[in-house]
Amino acid sequence: MTKCRRASRAARVLLPGAVAVALLAGCAQGSGGAASAAGSTSSAGASPTTGAPSAGSSGTVTPAPAGGPAPGTLLVGDFGSDTVTFVDPARGAIGSVKVGTAPYGLVVGTDGRAWVATAEGVAVVDTTTRQRLALIPYETDAGPVTTGEYRGGGMGIALAPDGRRVYVGVNVPGGNGTLEVIDTASLRVTDTVPVGRRPFDVDVSGDGSEVYATNHDSFDVTIVTAGTLEPRRVEVAPYGTEGGLGSWLKPHYTAVRPSDGKLLLPFEGERLAVVDPRTGRATIEPMTANTHQHGATVTADGTLLAVGTGPIDPSEDRGPSLTVRTPGGAERVYPLEGPHETVAVSKDGRTAYVTGGFTRDGYWDGLSIVDLDTGDTRRLEAGSRPLGVVVL
């Protein structure tokens, strides 16, 4: 999303495209450089000899527990720092690990390794010992390493179902991004695939045969065949593309529906684009929250959760919220206090964890925890501008 003021709701445009380009150019960033391993205490989150975690922005930390994190522990990416933070939903932050500048998306495999998309490269973290094992540099030249909303480097990230590949969307400020493919055994980038502008999110089909890069600034999703790495573009613009880079009405995050593999993209708490990746066709269903939406996830039974960041036009739009939408389309909207970005759901499906980091200004250092049975919501301070979140 852009940082500019919004025009009228009819146009839903922030600034003319030329002005947005200038903003992007002024916020350029990227990655590159040689890979580093866990032996470097200047960038690894734990000493290679003791395994004790370093203190990040979260303050006091505790030693890694024997046997790994307790079930239900959260891991969040600290976009406002260079760490990931382990969070006990009852007590708050319990440890942090340095991973690299401005962590964005993250994903955890069944082996307990977390893969974190930073501005510098993809960090590999052992969630049992709380150590950074490696930092895998990008092949894409995304410019100098910086921070902030328009920084270059990794954004969305996903893991293949068989655990053999990690896919990360790399933002190149001022141009189209790439999808980089990482071999999880060798810890090397093996391929790069061209995608659209600012790949906010990356998802994988249930059978691992396709990868989906959701490209915010080009109003599209790039569908990549995993076997051949052939890409094809599908435009997803239920409001049209008026305003170009300055428009608010662009895709942010995608959820893959388990029942049929269709892509679910919420827009503005008003429209849900349901995209069939086989045909590229989208159908539009109504939504009810009436607020600008970012993060989305879906549970095994097909329940969609979408994060409302707050109004574009306060005179017409509602405030921040979490929408929970059943497979049949019935919605319950939970009001939230302040902007939020992404959401994860507890293993039992009864609790949602919504990060307060937000890609734009107005973020806060914590999460909202929503009881999906009662609607009770509490705020928990943890992390530094947390964006990505997973349940361990």
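Conventions and cut-offs
- Residues numbered from 1 in each chain as written.
- Predicted model: local features only at pLDDT ≥ 70, side-chain atom pairs only at ≥ 80, totals over all residues.
- Heavy atoms only, no water.
- Helix = DSSP H or I, 4+ residues; strand = E, 2+ residues; numbered from the N terminus.
- Contact = heavy atoms within 4.5 Å.
- Polar contact = N/O pair within 3.5 Å; in protein donor to acceptor, adjacent residues only side chain to side chain.
- Buried < 20%, exposed > 50% of the residue type's maximum accessible area, 1.4 Å probe, protein only.
- Pairing = 2+ DSSP bridges.
- Salt bridge = Lys/Arg side-chain N within 4 Å of Asp/Glu carboxyl O.

K.L.:
Please give an account of the environment of Asp191 that cites residues and values.
P.N.:
With respect to the helices and strands, the residue Asp191 is situated in strand E12 (residues 188–194). Sequence separation between Asp191 and Thr178 is 13 residues; the distance between their C-alpha atoms is 9.9 Å. Residues in contact with Asp191, not counting those within four places in the same chain, are Leu179, Glu180, Val181 and Leu229. Within the structure, the side chain of Asp191 is placed 3.2 Å from the side chain of Thr190, a separation counted as a polar contact.

K.L.:
Requested: an account of the environment of Gly208, with residues and values cited.
P.N.:
Secondary-structure assignment places Gly208 in the loop between strand E13 (199–204) and strand E14 (210–215). With 46 residues separating them in the primary sequence, Gly208 and Asp162 have C-alpha atoms 7.7 Å apart.

K.L.:
Go over the pairing of strand E15 (residues 220–225) with me, naming the residues and quoting the values.
P.N.:
For E15, a buried count of five out of six residues is recorded, marking the element as mostly surrounded by other parts of the structure. Here E14 hands over to E15 after four residues, with Phe219 in that stretch at a positive phi of 55 degrees. By the bridge criterion, five bridges tie E15 to strand E16 (residues 231–235) in an arrangement that is antiparallel. Looking at E16, one finds that Ile223 is bridged to Arg232. Hairpin remark: E15 followed by E16, antiparallel, with five residues in the connecting loop; positive phi at Leu229, about 60 degrees.

K.L.:
Lay out the pattern of salt bridges with the relevant residues and their values.
P.N.:
The full count for this structure, using the stated rule, is 13 salt bridges. Where Arg278 meets Asp276, a salt bridge forms, and the shortest distance between an N and an O atom there is 3.3 Å. For Arg278, a relative accessible area of 53% puts it in the exposed group. Where Glu331 meets Arg325, a salt bridge forms, and the shortest distance between an N and an O atom there is 2.5 Å. A relative accessible area of 21% places Glu331 in the partly exposed class. A relative accessible area of 6% places Arg325 in the buried class. It is possible to trace a salt-bridge network through shared partners that takes in Arg198, Asp217 and Lys250.

This is a description of form; function is not addressed.
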